[in-house]
Amino acid sequence: MKKAISLFLSLLLFFAVMTPVASAIDSENLPIIYIRGNGETIYDGDGNPLGLGISDLFSDVSNGNFDMDTVVETCANIMLPMLTEGLLFDEWDRYGKAVYEELKPLFKGSEIDENGNPINGSGIAQSRIDASEAEAERDTVNYGLYDYNFMYDWRLSPYDHVDRLHEYVLKVLETTGKDKVNIHVACLGGGLLMAYLEKYGDNGHIKNIMLNEVLSNGATIISKTFSGQIEFDAKQVERYLAQMKYCSDIGMPGGFGLSDLINEIVFKTIDLFNQITVTDKALDEVENLYGKLYEALMPAVCHATGIATVVNYWTCVSEEDFDAALNLIYGEEDSELRTQYAGLIDKIVYYREHCTSKLDELYEKCENEYNIHIGFVARYGYMNPPLTKDADELSDFLVSLDEATKGATCAKIGSTLSDEYILQRVEEGKGDYISPDRQVDLSTALYPDRTWVIKNAHHSFTTVSDNITLSFLQGTNYSIHSEGAYPQYSVFYETEGRLEPMTAENSADYEWISLPEEEPTTQTRIASLIRFLTMIIKLITSLF
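Residues numbered from 1 in each chain as written. Predicted model: local features only at pLDDT ≥ 70, side-chain atom pairs only at ≥ 80, totals over all residues. Heavy atoms only, no water.

Here we look at the overall build of the protein
Short version of the rule: In this description a helix means any DSSP run of H or I spanning at least four residues, a strand means any run of E spanning at least two, and both kinds are numbered starting from the N terminus. Relative accessible area decides the class of each residue, using a 1.4 Å probe on protein chains only: under 20% of the type maximum gives buried, over 50% gives exposed, and in between gives partly exposed. Contacts are residue-level and defined by heavy atoms, with any inter-residue pair within 4.5 Å sufficient. We get accessible surface area from the Shrake-Rupley algorithm with a probe of 1.4 Å; when it comes to residues, only the shown protein chains can shield them.
When you go through the protein residue by residue, the secondary structure sums to 20 helices and 12 strands. Across the 544 residues in the protein, those meeting the buried criterion constitute 46%. Taking as baseline every contact in the protein between residues at least 6 positions apart, the subset at least 24 positions apart corresponds to 75%. Accessible surface, the protein: about 26700 Å² in total, of which carbon and sulfur atoms supply 56%.

Here is the structure:
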């Protein structure tokens, strides 16, 4: 009897001691819900794929496979009202309408209507949503990053999906028997997550969140183009064309290989522009004319392509640019477009008022009130499209690094932080946050101890940081100071698909980033002019 009691007490003691340990370990092994960005194919009500036909056009132009008569007719239809009414009489309305009418057939109805709802039953494949719902009813025990994929129509307002996302979270909790989930979100999915946190963040169901290049912190290229703050720099265009060629060579998104002759024409022309000095007065006149062209062109392009009606893109527009963007794309208050799109604009404004304008407050609530641990992972080494004055920001091709990290201090592409700045940070005890290539200081980021950065990785490489993300979400790598943590700075070798800790030796910029920044001289201008004229002669002779 004593042995039985002894055994019973021993077992009781064993379970009493082991239960907290098992619970502590188990509490980190939580299901992970993944919210991706855009990219899911849009289908019409009959199951036919929709989307942008512009990629086919680019391919045809690149390969020289197009109907020249059609190209000439299209150009004439656009250029004629620009020349005869725009330039002569400063009337640009018909030019904007011509752009819209010529572009619209290239896009296949993936836009949404004036109230922000799908047209003709369009949306992502129902089979994808069904598969997502089925995943929520399976318990994988050892949870990976992509076991639970929440699928949604990325064109719509994030608030159109938050209730269904909440139900999805509850279903996963019910299936797994856990009391919390972790969330991994990428790119445009940040808008949905922020809306979810604003409405449901206080429900206690979330433990850790990893934000992977989210656009909800702001996306300069979208914010500035929507608001009309466009600026071209010949040197940045030259860099970008070289980047496009590289992307084309390795099969990455954003690649666009021109024929050798067209490539030579473009580069020689840009080279000449780089050497030309224009007076301030002449430059002011050019910028004034360009501003008028853009005000007519941008709304036409946005509406023809459907970009203007994608509410989720508006989540990327910063608070400071919002009013200017709304005025440019939809006109002033009480305009015809404002009235026509009133329902959709209400959704755009609702997100802005509840998330964009309260983003800092939302992060603070998550950390201090909701007890949610947030980490960031970001990439750089590429440049943004050269459409704004911010084209020289460190970027992953789409998201600027300071936005992706929410506050990192960054040098401009092709340069480093100053010696004085770095010395000051070192003296303040923050030198360890400086990247080995001396281009980034993460001490000013929102969560400097929970932010990881990878150099020379394209925006589309969402899985390059999977190991970092998984270890953070599982609680084994809560900060850069954790034992065995991944280094805060890494370098990605794209052609080999591997990461390496960043050092001063392996962190060189890509070649197109390192284009020399030389001031024009008489000799360089003459040499550039000779190259340009030689190219023109070559072009003329090729036509005969």
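More follows now that the structure is in view.
Describing the pattern of salt bridges
What counts, and what does not: A side-chain nitrogen of Lys or Arg and a carboxyl oxygen of Asp or Glu constitute a salt bridge if their distance falls within 4 Å.
Counted by the stated rule, this structure contains 23 salt bridges. The partner of Arg164 in a salt bridge is Glu133, and the shortest N-O contact between them spans 3.5 Å. With Arg164 in helix α6 (residues 162–176) and Glu133 in helix α5 (residues 126–135), this residue pair connects regions lying 31 residues apart in the sequence. For Arg164, a relative accessible area of 24% corresponds to the partly exposed category. You can call Glu133 partly exposed: its relative accessible area is 31%. A salt bridge links Asp509 to Lys455; its shortest N-O distance comes to 2.8 Å. Of this pair, Asp509 sits in the loop between β12 (498–501) and α20 (522–542) while Lys455 sits in strand β10 (residues 451–455); the two residues are 54 residues apart in sequence, bridging distant segments of the chain. Relative accessible area serves as the criterion here: at 0%, Lys455 is assigned to the buried category.

Details of the environment of Leu442
Looking at where Leu442 falls in the secondary structure, it is placed in the loop between β9 (440–441) and β10. Note on Leu442: relative accessible area 0%, which makes it buried. The spatial distance from the C-alpha of Leu442 to the C-alpha of Thr409 is 6.6 Å, given a sequence separation of 33 residues.

Considering unusual backbone geometry
Unlike most non-glycine residues, Asn120 shows phi in positive territory, near 55°. Inspection of the secondary structure puts Asn120 in the loop between α4 (93–103) and β3 (123–124). By relative accessible area, Asn120 is classed as exposed at 68%.

Side note on the packing of helix α13 (residues 322–330) against helix α15 (residues 342–354)
Rule in force here: In this analysis an axis means a line fitted to C-alpha atoms, helices contributing only their contacting stretch, and an angle means the value between N-to-C directions, from 0 to 180 degrees. Roughly parallel means an angle under 35 degrees; roughly antiparallel means over 145; roughly perpendicular covers 65 to 115; every other angle is labelled oblique. Just so you know the grouping, Ala, Val, Leu, Ile, Met, Phe, Trp, Tyr, Cys and Pro go in nonpolar, Asp, Glu, Lys and Arg go in charged, and all remaining residues, Gly too, go in polar.
Where α13 contacts α15, the axes come no closer than 12 Å and their chain directions differ by 170°. Between α13 and α15, the interaxial angle falls into the category roughly antiparallel. From α13, Phe322, Asp323, Leu326 and Tyr330 reach across to α15, where they touch Leu344, Ile345, Ile348, Val349 and Arg352. Tallied by class, the residues present in the contact of α13 with α15 amount to 7 nonpolar, no polar and 2 charged.

Points about the sheet that holds strand β1 (residues 32–35)
Operational definition: Should DSSP find at least two bridges between two strands, the strands are taken to pair.
Strand order across the open sheet formed by 8 strands is β4-β1-β5-β6-β7-β10-β11-β12, with mixed pairing between neighbours. Two strands lie at the open edges of the sheet, namely β4 (148–149) and β12, each paired on one side alone. By the bridge criterion, 4 bridges tie strand β11 (residues 489–493) to β12 in an arrangement that is antiparallel. Considered in β12, the bridge of Ser490 is made with Pro501.

Section: the confidence of the model for the protein
It should be kept in mind that the predicted coordinates are not to be read in detail where pLDDT is low. What counts here: In predicted models, pLDDT denotes the confidence assigned by the predictor to each residue on a 0 to 100 scale.
Mean pLDDT for the protein: 80, with 74% of residues reaching 70 or above. Here helix α1 (residues 2–28) stands out as the least confident element of the protein, with mean pLDDT 36; β9 is the most confident, with 97. Low pLDDT, under 50, characterises residues 1–27; the predicted model gives this stretch 3 contacts beyond four residues in sequence or across chains. Here residues 52–63 is modelled with pLDDT under 50, and outside its nearest four sequence neighbours on either side it reaches 18 contacts, counting other chains as well.

Focus: the packing of aromatic side chains
As a reminder, the rule being used: Working definition: a ring pair exists when centres of Phe, Tyr or Trp rings (six-membered ring for Trp) sit within 6.5 Å. Plane angles under 30 degrees give stacked, over 60 give edge-to-face, the rest tilted.
According to the stated counting rule, one finds 21 aromatic pairs in the structure shown. Aromatic pair Tyr363 and Tyr447: ring centres 6.5 Å apart, planes at 80°, arrangement edge-to-face. Of this pair, Tyr363 sits in helix α16 (residues 359–368) while Tyr447 sits in the loop between β9 and β10, and the two are 84 residues apart along the sequence. Judged by relative accessible area, Tyr447 falls into the buried class, the value being 10%. Considering the side-chain rings of Phe472 and Tyr478, the 5.9 Å spacing of their centres and the 85° angle between planes classify their relative orientation as edge-to-face. Taking relative accessible area as the criterion, Phe472 reaches 0% and is therefore assigned buried. Accessibility expressed as a relative area gives 22% for Tyr478, which makes it partly exposed.

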